[in-house]
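Chain by chain, the residues run as shown.
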Amino acid sequence: MTQPLAPSTGETVPPATLKISVVVPAYRPGDGIRRVVDSLAAQTLPQDEFELIIVDDGSPDDTWSRLEAIRAERPNVRIERIENSGWPSRPRNVGIRMARGEYVLFMDHDDEILPDGLRASYEYAAAHHADVLSPKELKTSDPRWGLGNYTGNIPNALPRRGINALMPMMPHKFYRRDFLLEHDIRFPEGRRMLWEDVYFNVACFKHAQVVSVLSDTPVYLWHATDQNNSATYGPWEDEFWDKLGALFDFIAATLDTDELADARKTQLMHQYRLRVLSRLTSYLRSGHHADRAEHAVERAVEIVEKHVPEAWDADLPALDRPKAWLLRRRRVDLLRELQRVDSSVVGHSTVDAIWWEKGTLRIRATARWTDTSGRPVRFREADGRLHRVLPPSLSDLPPALRDVTDDVRAASSHLVLRDDRSKDTWSLRARSRVVLERMARPGAESEPPEGSVVSVAVSTITQLSPATAAQGKALADAEWVVHAKNRLLGELSLHPVRSSEPARPAVVGGRTVVASRTRRGALTIDVGQVGHGVLDHLRPDWAHGTVTVSGRGPWRRHTVDVPVPDLYVDAEARLTGAAGVVPHSAAERHAAVGPVARPLARNLPARGTATLEAAPSGSRLLATFSAPAWRWQLRPRLAGGARTKRGWDVPAP
C-alpha cells in the first residue's frame, strides 16, 4: 500500500519574517544537542536573521529542562514539546508549522552546521529563487559521502540531473517554507516510518521548479553514531520488506505521469540497487539470521517483479547485473557466493611521481584493483572483449553477464583531499587512461578456457593548485590526506593514496605547502604548516652559508645566512618567525657554571628571529639570536607553524 504523506493541520502559520528556520526533532539527545546549538551560535549569519526550533518528541529524561536552559540563554531559540510519536517525522512537521523563516533547514539533534553554512546557503538559494537548496554535506565516518553530488555550484540542477538533484536524499537541505505549504508537503508520520526523508524529497521533486546545489562551501556535518534509526531493521525482518514495498509503491504513484517517467525509473532503480540488491546480498553473505534467507529473497522478488521490469537490469552496473539475474531466479546459494567474490574487490592507488611546476603540484599515480589476498582482479580477453574470471561455482551465470568490456573501459580514478579534523573533502580533476596489463596464466583450477589474461590499471595525472583546489577557492590551512576515488565495474572504493616519494616543500602564493607522507605511507598535502613545518623538509647548504658572531660579553649576537636549495617557490615571498636555539651537545649544556650556564641546563627559549627569503632563483634562511659563543642547534619557527622537529647544527663561525 502506498504510504501517504501526513496532511497539514489547516492551522494558520506565522508570516515569514526571518531568513531561515532551523528545525531539530529531539529525542533523548544528551549532550549532542549542545553541538547543534554551539554550531549555530558560531554562524556568520547574524543571530537575529534566523531561528532555532527544537521539538522534543516526548523524551522521558531531562531533555526538556536542557531545552529550557538553552532557550533562556539564546533569544532566537524556540522550543515545543509533543507526545512521543516514535519517529522524527511529526516533530519536523510541527516545526514546519511553527517556522517563520523564508527557508526551513532540518537538522538531526547531534549534528552541526559549519560556520559559514547558513549565510552561504541562504544567499545562494535566494539569488536563484530555489524551492530547495542541496548544500554540501560531510559525514564524519565516510569520506565518500556525497562526492559525486557536490562537484560544483548549480543554480538549477533539475534540467541536468533530474531527481538526482536531490541526492543524497537526506532532509538536511534548505526548503522554501511557502513551497512546502503551497503543496502541502509533509513527512509521513508513524512510529517506525522508515525512509521518511525519501518520501519527503520525492514529493518535493514532483512540484519543484528550481533545485539549487551549493558545493563550494561546506555546510552540514553529519555526526554518524550507532543511534541511527536505520540500524534497527534489516532484510531478515518482514517489516523491512513491508516498508520497502510501501516506498516503491509511493514512488511509482507519485511520479506516475509520462513527464515524470525518467525520474520514476531513476528513483526506483536507485532503491532497487541500494536497498534490494546491496542490502540483501550483504545480509546473505553475513550469515546473520540464515534461516530467514530464502524468505527474504522471496519478499525481495515480490517487490522487484511488481516495480522493476527485467529489461531495466541491463542498465545496472556490471557487479549488479549478475545479482539481479540470480535474484529473479531465487538462487540464494549463488547470490551468497557472488557477494563473497565481489566484496573482496578493492582499488588502491600508488604515487609514481610528484613534482612542482608552474605553481601547481603534479601527481602521477596508478590505480589497480586486487582481492583481499592481494591478487590482481583478472579478466579474460578474447575477440576484443573482456570477461570476468569467476570461480567454477558461478559457472551457471550466462556469458553475457560475464562480459564487462564497456564497464572496464569506463574505469576511473580521481584524487580527493580530506581533512581528518574538519572532515572537509574536495575532489580534484585528473587526466586518466585505462591500461590493460598482461598477466601470466592463472592456476589450473580457474584457468580461462581461451584468450589472454589481463588486469586493469588506471593511470592519472592530477594538477593541484592550492589557490583554487577547493572548487575555485583556496584550500584552508590543514593537513590534507590524499585519497583515491577508484571505480571499476560500477563499484566505488576510496582509500588513502600510497606514496614512497620524498617530501616536496614549497612556498606557493606566499603560503607554505608540503607534499609528504604519513608514517603509514599515505600521501598528505600540508597547507599552512599544520602538521609539517616547511623547514623540517629543507636541508641547509652550510657550504655556501655564513655564520657571524658579534658583540662582547657572555651573550653575543649570532647571525645566520644559509641557502635552502630544496624549496620550490613560484614567486618571491618573505616569511618571518622566531629562532629557537639549544646547545649543540649535553657537555656544552652543563660544562659552565654561574649565571650564564644555568639557563642552558634546559632548552633555551627563542631569543631571536628567523626569516625565510623565498625566491624562484634561490631561497635563504636568515636567523639572528643572542647566546654564548658556543656551538648551537638552530630550531627556527615560521609564523603559524610549529618549531622544527629536528634542529639544524650551526657550524662554528
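This text goes with the structure placed above it.
So, a few notes on the structure that sits alongside this text. Fair warning: this is a prediction, and the values are worked out from it, not measured in the lab.

Thoughts on the pairing of strand E28 (residues 632-638)
Here comes step 1: Most of E28 is tucked away, with 5 of its 7 residues classed as buried.
Here comes step 2: Judged from the 7 bridges that link them, strand E25 (residues 573-583) and E28 form a sheet pairing that is antiparallel. Counted as the bridge partner of Pro583 is Trp632 from E28.
Here comes step 3: Summarising the sheet, E28 and strand E29 (residues 648-650) pair through 3 bridges and their orientation is antiparallel. Within the sheet, the bridge partner assigned to Gln633 lies in E29 and is Asp649.

Observations concerning the nonpolar core
Here comes step 1: With 81 residues, the main nonpolar core has Phe200, Trp241, Leu244, Tyr272, Val276, Leu280 and Leu327 as its most contacted residues.
Here comes step 2: Looking at this core, the element that brings in the most residues is helix H9 (residues 261-286), giving 9 residues.
Here comes step 3: Beyond its immediate chain neighbours, meaning those up to four positions away, Tyr272 contacts Phe248, Leu277, Val304, Val308, Asp313, Leu316, Ala324 and Arg328.
Here comes step 4: If you look at the next biggest cluster of nonpolar residues, it comprises 35 residues, including Leu45, Trp64, Met107 and Phe174.

Quick look at helix H12 (residues 332-342)
Here comes step 1: Most of H12 is tucked away: 8 of the 11 residues are buried.
Here comes step 2: Among all positions in H12, only Val332, Leu334, Leu335, Glu337, Leu338, Gln339, Val341 and Asp342 are buried.
Here comes step 3: For H12, the elements touching its buried residues are H9, helix H10 (293-307), helix H11 (320-328) and strand E12 (385-388).

Focus: the pattern of salt bridges
Here comes step 1: Throughout the structure, instances matching the rule amount to 47 salt bridges.
Here comes step 2: Of the charged contacts, one joins Arg330 and Glu298 as a salt bridge, the two residues approaching to 3.0 Å between their closest N and O atoms. You can see Arg330 sitting in the loop between H11 and H12 and its partner Glu298 sitting in helix H10, a full 32 residues away along the chain.
Here comes step 3: By relative accessible area, Arg330 is classed as partly exposed at 36%.
Here comes step 4: Arg330 serves as the salt-bridge partner of Glu305, at 3.9 Å between the closest nitrogen and oxygen. Taken together, the residues Glu305 in helix H10 and Arg330 in the loop between H11 and H12 connect sequence positions 25 residues apart.
Here comes step 5: By relative accessible area, which is 53% here, Glu305 ends up exposed.

Side note on the sheet that holds strand E4 (residues 101-106)
Here comes step 1: With mixed pairing, the 8 strands of this open sheet are ordered in space as E3-E2-E1-E4-E7-E6-E8-E5. Sheet topology places strand E3 (77-81) and strand E5 (112-113) at the edges, where each strand pairs with a single neighbour.
Here comes step 2: Sheet topology places strand E1 (residues 18-26) next to E4; 5 bridges connect them, and they run parallel. Counterpart to Ile20 in the pairing with E4 is Tyr103.

Focus on the side chain of Thr217
Here comes step 1: Of note, Thr217 is situated in strand E8 (residues 211-222).
Here comes step 2: One polar contact links Thr217 to Lys473, side chain to side chain, over a distance of 3.2 Å.
Here comes step 3: Among all residues touching Thr217, those that are not within four sequence positions of it are Asp116, Ala120, Lys136, Trp426 and Lys473.

So, unusual backbone geometry
Here comes step 1: Cis geometry marks the peptide bond from Met167 to Pro168, where omega comes out at -10°.
Here comes step 2: Take Pro168: it is sitting in the loop between helix H5 (158-161) and strand E7 (174-176).
Here comes step 3: The phi torsion at His129 lies on the positive side, around 55°, for a residue other than glycine.
Here comes step 4: By relative accessible area, His129 is classed as exposed at 62%.
Here comes step 5: The residue Lys423 is not glycine, and still its phi comes out positive at about 70°.

Some remarks on the sheet that holds strand E27 (residues 620-627)
Here comes step 1: A sheet is described by the order of its strands in space; here 7 strands give the open sequence E22-E23-E27-E26-E25-E28-E29, paired in antiparallel fashion. Each end of this open sheet is capped by a strand with a single partner; those strands are strand E22 (546-550) and E29. Taken over all neighbouring pairs, the strand axes of this sheet differ in orientation by 25° on average, direction set aside.

Looking at helix H8 (residues 238-254)
Here comes step 1: Here H8 spans 24 Å end to end across 17 residues, near enough to the 24 Å set by a 1.5 Å rise per residue.
Here comes step 2: When we look at burial in H8, the residues that qualify are Phe240, Trp241, Leu244, Gly245, Ala246, Leu247, Phe248, Asp249, Phe250, Ile251 and Thr254.
Here comes step 3: Here the buried face of H8 lies against helix H7 (196-207), H9 and H10.

Side note on the environment of Asp570
Here comes step 1: Take Asp570: it is sitting in the loop between strand E24 (568-569) and E25.
Here comes step 2: Relative accessible area serves as the criterion here: at 33%, Asp570 is assigned to the partly exposed category.
Here comes step 3: Taking the C-alpha atoms as reference points, Asp570 and Tyr199, 371 residues apart in sequence, are found 52 Å from one another.
Here comes step 4: When neighbours within four sequence positions are excluded, Asp570 is seen to be in contact with Gly359, Val507, Val508, Gly509 and Pro616.
Here comes step 5: At 3.1 Å, the side chain of Asp570 and the backbone nitrogen of Gly509 are in polar contact.

Side note on the packing of H9 against H12
Here comes step 1: Between H9 and H12, the shortest axis-to-axis distance is 8 Å and the interhelical angle comes to 90°. Looking at the two axes, H9 sits roughly perpendicular to H12. Contact residues: H9 offers Thr281, Ser282, Leu284 and Arg285, while H12 offers Val332, Leu335, Arg336, Gln339 and Arg340.
Here comes step 2: Taken together, the residues of the contact of H9 with H12 break down into 3 nonpolar, 3 polar and 3 charged.

Conventions we followed
Residues numbered from 1 in each chain as written. Predicted model: local features only at pLDDT ≥ 70, side-chain atom pairs only at ≥ 80, totals over all residues. Heavy atoms only, no water. Buried < 20%, exposed > 50% of the residue type's maximum accessible area, 1.4 Å probe, protein only. Helix = DSSP H or I, 4+ residues; strand = E, 2+ residues; numbered from the N terminus. Pairing = 2+ DSSP bridges. Core = buried A, V, L, I, M, F, W, Y, C linked by side-chain atoms within 4.5 Å. Contact = heavy atoms within 4.5 Å. Salt bridge = Lys/Arg side-chain N within 4 Å of Asp/Glu carboxyl O. Polar contact = N/O pair within 3.5 Å; in protein donor to acceptor, adjacent residues only side chain to side chain. Axes fitted to C-alpha atoms, helices over the stretch in contact; angles between N-to-C directions. Expected span 1.5 Å × (residues − 1). Parallel < 35°, antiparallel > 145°, perpendicular 65-115°, else oblique. Nonpolar A, V, L, I, M, F, W, Y, C, P; charged D, E, K, R; others polar.

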